[in-house]
Amino acid sequence: MNQLFDVSTTSRNMVSKFLSGYNLDQLNTIPEGFSNNLIWNIGHIIVSQQLLVYKLSGLPMMVSDELVEKYKKGTKPEHIVTQAEVDEIKSLLFETIQQTKVDYDYQIFKNYMEYTTSTGNHVLRNAEDAMAFSNFHEGLHIGIMMSIRKFI
């Protein structure tokens, strides 16, 4: 499991460079041909990890219901993100992974509601499966973000 957390931390380090390397206007820009922007992708990976690991384990999440509604699967950017929201997302980027590691070490992930991912061929049966899939999912969104940055 340590490798899953190492991969997640590496992923989040890559994502944090987008937060530090682009201004608020750039983070909010949706380039032609895309359906979302950099900040939506970042919020989405944080919310998705929380939903997959915590919510499906029947545990409280570290993200607000408001963030979930803005960034869950099936959403798209429908508002201009403020600097305050960027700062909140920035703080959650690493806090969520660090707390997940602590919680995993304390073995709080005892129950899990089995979930078939939207890819259709990944069935998540426990928190370990959820973290592994979350890492894959983050990699997909990092790829999208790398494409978006070419157009802003």
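The structure presented is a predicted model; accordingly, all values stated were derived computationally and were not measured.

**Student:** Explain the overall build of the chain to me, and be specific about the residues and the numbers.
**Tutor:** The secondary structure content of the chain amounts to six helices and two strands. Walking the chain from its N terminus toward its C terminus, one meets helices and strands in the order α-α-α-α-α-β-β-α. Computed over the C-alpha atoms, the radius of gyration of the chain is 15 Å, within 12% of the 15 Å expected from 2.2 N^0.38 for a compact globule of 152 residues. The principal-axis extents of the C-alpha atoms in the chain amount to approximately 45 × 30 × 30 Å. Put simply, the chain has 152 residues, and 41% of those count as buried. Contacts in the chain between residues at least 24 apart in sequence constitute 71% of all its contacts with a sequence separation of at least 6. Put simply, the chain shows about 8200 Å² of open surface, and 52% of that area lies on carbon and sulfur atoms. Counting 13 positive and 17 negative side-chain charges, the chain places the averaged centre of each group 4 Å from the other.

**Student:** Run through the UniProt feature "domain: DinB-like" (unreviewed entry) in the chain, naming residues and quoting values.
**Tutor:** Following the UniProt record, one finds the feature "domain: DinB-like" (unreviewed entry) at residues 10-145. The straight-line gap between the two end C-alpha atoms of residues 10-145 is 15 Å; of that span, 60% is helix and 3% is strand.

**Student:** Give a detailed account of the pattern of salt bridges, specifying residues and quantitative values.
**Tutor:** Inspection of the entire model under this criterion finds six salt bridges. The salt bridge partner of glutamate 138 is arginine 12, with a shortest N-O separation of 2.8 Å. One end of the pair, glutamate 138, is in helix 6 (residues 127-148); the other, arginine 12, is in helix 1 (residues 2-21), with 126 residues separating them in the sequence. Residue classification places glutamate 138 among the buried residues on the basis of a relative accessible area of 1%. Looking at arginine 12, the relative accessible area reads 0%, which means it is buried. Where lysine 70 meets glutamate 66, a salt bridge forms, and the shortest distance between an N and an O atom there is 3.2 Å. Here lysine 70 pairs with glutamate 66, and both are found in helix 4 (residues 65-71), just four residues apart, close to one helical turn. In the salt-bridge network here, residues are joined through shared partners; they are Glu66, Lys70 and Glu85.

**Student:** Go over a nonpolar patch on the surface, please, and point to the residues and values.
**Tutor:** Nonpolar side chains collect at one region of the surface, where Val102, Tyr106 and Ile108 lie side by side and expose about 290 Å² of accessible area between them. Mapped onto the secondary structure, tyrosine 106 falls in the loop between helix 5 (83-105) and strand 1 (115-116).

**Student:** Residues and numbers for the nonpolar core, please.
**Tutor:** Of all hydrophobic cores here, the largest spans 23 residues; its most connected members are Val15, Leu19, Ile39, Ile42, Ile46 and Tyr71. Counting residues per element, the ones that place at least two in this core are helix 1, helix 3 (38-53), helix 4, helix 5 and helix 6. Of all the elements, helix 3 adds the most residues to this core, at seven residues. Setting aside its immediate chain neighbours within four residues, tyrosine 71 contacts Ile39, Trp40, Gly43, His44, Val47, His79, Val81, Glu85 and Ile89. With 13 residues, the next largest nonpolar core counts Leu56, Phe109, Tyr112 and Met131 among its residues.

Cut-off values and rules
Residues numbered from 1 in each chain as written. Predicted model: local features only at pLDDT ≥ 70, side-chain atom pairs only at ≥ 80, totals over all residues. Heavy atoms only, no water. Helix = DSSP H or I, 4+ residues; strand = E, 2+ residues; numbered from the N terminus. Rg over C-alpha atoms; globule rule 2.2 N^0.38 Å. Buried < 20%, exposed > 50% of the residue type's maximum accessible area, 1.4 Å probe, protein only. Contact = heavy atoms within 4.5 Å. Areas by Shrake-Rupley, 256 points an atom, 1.4 Å probe, with all protein chains shown as cover. Lys, Arg positive; Asp, Glu negative; His and termini not counted. Charge placed at Lys NZ, Arg CZ, Asp CG, Glu CD. UniProt positions renumbered as here; feature names shortened; annotations may be inferred. Salt bridge = Lys/Arg side-chain N within 4 Å of Asp/Glu carboxyl O. Patch = residues over 30% accessible without salt bridge, like charges linked within 9 Å, V, L, I, M, F, W, Y side chains within 5 Å. Core = buried A, V, L, I, M, F, W, Y, C linked by side-chain atoms within 4.5 Å.

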